[in-house]
Amino acid sequence: MKALRQIAALTRKDFKLQFRSKETLVLIFVFSILVVLIFAFAYGQVFPTEASDRGKLVASVLWATFVFAGIITLNRSFALERTHGALHGIRLTGVDASNVYLSKVISNVVLLMSLEVIITPITLQFFDLFQAVTLGRLLTLFGILSIGTIGFCAVGVLLAAMSTTTSGGESLLSVILLPLVVPIIMSGAKCTVSILTTGAMEETYWLTMLIVSSLVFFASAYLLADVVIEQ
């Protein structure tokens, strides 16, 4: 119960900081909309006519948008904690490093999922695919995105804690994070294409790969959290 109270308090603190300044919220929302608009205007009115091709296009736009928006979010979350030794102050109160890690994962997952709930319908509408997607398919798509987001944030929070201690941390995080999350991005994109084109997961291989890779990343990062955050 003590651990749950610590995680809940730290998570509330993260949300208060994010909503108080609103800098990160505005930044990732504007960035996501800009990426979607660039792809939409690049194609103009000439979208792929085949459902499979259009599904691949939308899946690519969605995952590219959320991955780079996630990098921005991860950078900002630990940058706040490192400022003026705030993280050391939290540790001096007796909070376990693993609880700090879990609170960061929760806050980043909730923030990115909120962004995905807003951006996904907008993207489908821009690429003239919103009418073809039923409510069930949309909920399934959010399920796939949530699994990928958990795996992405699990490893991303750990690497953000490492990169913020060095100069050029934002660039460093992108360099070390993107190669590691390739299994999540690849399997998540494949699952998204399948949902948008057929409405169901015809091949369970990619879904299994997404779930397993997310669990492996989460378990590994949790075990290493104490060592990394202590540094």
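These remarks concern the structure in this document.

The rules behind each value
- Residues numbered from 1 in each chain as written.
- Predicted model: local features only at pLDDT ≥ 70, side-chain atom pairs only at ≥ 80, totals over all residues.
- Heavy atoms only, no water.
- Helix = DSSP H or I, 4+ residues; strand = E, 2+ residues; numbered from the N terminus.
- Buried < 20%, exposed > 50% of the residue type's maximum accessible area, 1.4 Å probe, protein only.
- Contact = heavy atoms within 4.5 Å.
- Areas by Shrake-Rupley, 256 points an atom, 1.4 Å probe, with all protein chains shown as cover.
- Phe/Tyr/Trp six-rings, centres within 6.5 Å; stacked < 30°, edge-to-face > 60°.
- Core = buried A, V, L, I, M, F, W, Y, C linked by side-chain atoms within 4.5 Å.
- Polar contact = N/O pair within 3.5 Å; in protein donor to acceptor, adjacent residues only side chain to side chain.
- Axes fitted to C-alpha atoms, helices over the stretch in contact; angles between N-to-C directions.
- Parallel < 35°, antiparallel > 145°, perpendicular 65-115°, else oblique.
- Nonpolar A, V, L, I, M, F, W, Y, C, P; charged D, E, K, R; others polar.
- Left-handed = near helix turned anticlockwise from the far one by under 90°.
- Patch = residues over 30% accessible without salt bridge, like charges linked within 9 Å, V, L, I, M, F, W, Y side chains within 5 Å.
- Salt bridge = Lys/Arg side-chain N within 4 Å of Asp/Glu carboxyl O.
- 1 Å grid on protein atoms, 1.4 Å probe; cavity = no way out; pocket = protein on both sides within 12 Å on 5 of 7 lines; lining within 4 Å.
- Points joined across faces, edges and corners; volume = space filled by probe spheres on them.

Here we take up the overall build of the protein. Across its full length, the protein carries 9 helices and 0 strands. Starting at the N terminus, the α and β elements of the protein follow one another as α-α-α-α-α-α-α-α-α. Here the protein holds 231 residues, and the buried ones make up 46% of them. Restricting the contact set of the protein to residue pairs at least 6 apart, pairs at least 24 apart contribute 82%. Of the roughly 11300 Å² of accessible surface on the protein, 69% is carried by carbon and sulfur atoms.

Here we come to the packing of aromatic side chains. All chains considered together, the criterion is met by 3 aromatic pairs. Between tyrosine 101 and tyrosine 222, the aromatic rings sit 6.5 Å apart at their centres with planes inclined by 55°, giving tilted as the arrangement. Of this pair, tyrosine 101 sits in helix H5 (residues 97-126) while tyrosine 222 sits in helix H9 (residues 204-230), and the two are 121 residues apart along the sequence. For the ring pair tyrosine 205 and tryptophan 206, a centre distance of 5.0 Å and an interplane angle of 75° mean the geometry is edge-to-face. Classification of tyrosine 205 by relative accessible area gives exposed; the value is 55%.

What follows covers the nonpolar core. The tendency in soluble globular proteins is for nonpolar side chains to be buried side by side. Tyr101, Phe152 and Leu177 are the most contacted members of the largest nonpolar core, which totals 63 residues. Put simply, the parts of the chain that give this core at least two residues each are helix H1 (2-21), helix H2 (23-43), helix H3 (51-82), H5, helix H6 (135-163), helix H7 (169-180), helix H8 (182-198) and H9. Per element, the largest residue contribution to this core is 14 residues, and it comes from H6.

The next point concerns the side chain of threonine 65. In this structure, threonine 65 sits in helix H3. For threonine 65, the side chain forms a polar contact with the main-chain oxygen of valine 61, separated by 2.6 Å. When near neighbours in sequence (up to four residues on either side) are disregarded, threonine 65 contacts Phe31, Ser32, Val35 and Val36.

For the rest of this paragraph, the subject is the environment of isoleucine 229. Structurally, isoleucine 229 can be placed in helix H9. Looking at isoleucine 229, the relative accessible area reads 4%, which means it is buried. Between the C-alpha atom of isoleucine 229 and that of aspartate 96, which follows or precedes it by 133 residues, the distance is 9.8 Å.

Turning to the packing of H6 against H8, a few remarks are in order. Viewed as axis vectors pointing N to C, H6 and H8 meet at an angle of 180°, and their least axial separation amounts to 10 Å. What the angle tells us is that H6 and H8 run roughly antiparallel. Along the contact surface, H6 presents Arg137, Thr140, Leu141, Ile144, Gly148, Gly151 and Phe152, while H8 presents Ile184, Gly188, Cys191, Thr192, Ile195, Leu196, Thr197 and Thr198. Considered class by class, the residues forming the contact of H6 with H8 number 7 nonpolar, 7 polar and 1 charged.

On to the packing of H5 against H6. Where H5 meets H6, the axes come as close as 9 Å, and the angle between the chain directions of the two elements is 145°. The crossing of H5 and H6 is right-handed. The residues of H6 that touch H5, namely those facing Tyr101, Lys104, Val105, Asn108, Val109, Leu112, Met113, Glu116, Val117, Thr120, Pro121 and Leu124, are Leu138, Leu141, Phe142, Leu145, Ser146, Thr149, Ile150, Phe152, Cys153, Ala154, Val157 and Leu158.

This part covers a nonpolar patch on the surface. A grouping of Val26, Phe29, Val30, Val117 and Ile118 is seen on the molecular surface, where their side chains present a nonpolar patch of about 410 Å² in accessible area. You can see valine 30 is positioned in helix H2.

Applying the stated rule across the entire model yields 3 cavities of 30 Å³ or more. In this model, the largest cavity occupies a volume close to 90 Å³. Forming the boundary of the largest cavity are Trp63, Phe66, Val67, Leu112, Glu116, Leu145, Gly148, Thr149, Phe152 and Ile184. Of all elements in the fold, only H3, H5 and H6 reach the threshold of two or more residues within the lining of the largest cavity. Top element by residues in the lining of the largest cavity is H6. It accounts for 4 residues. Class assignment of the residues belonging to the lining of the largest cavity gives a composition of 7 nonpolar, 2 polar and 1 charged.

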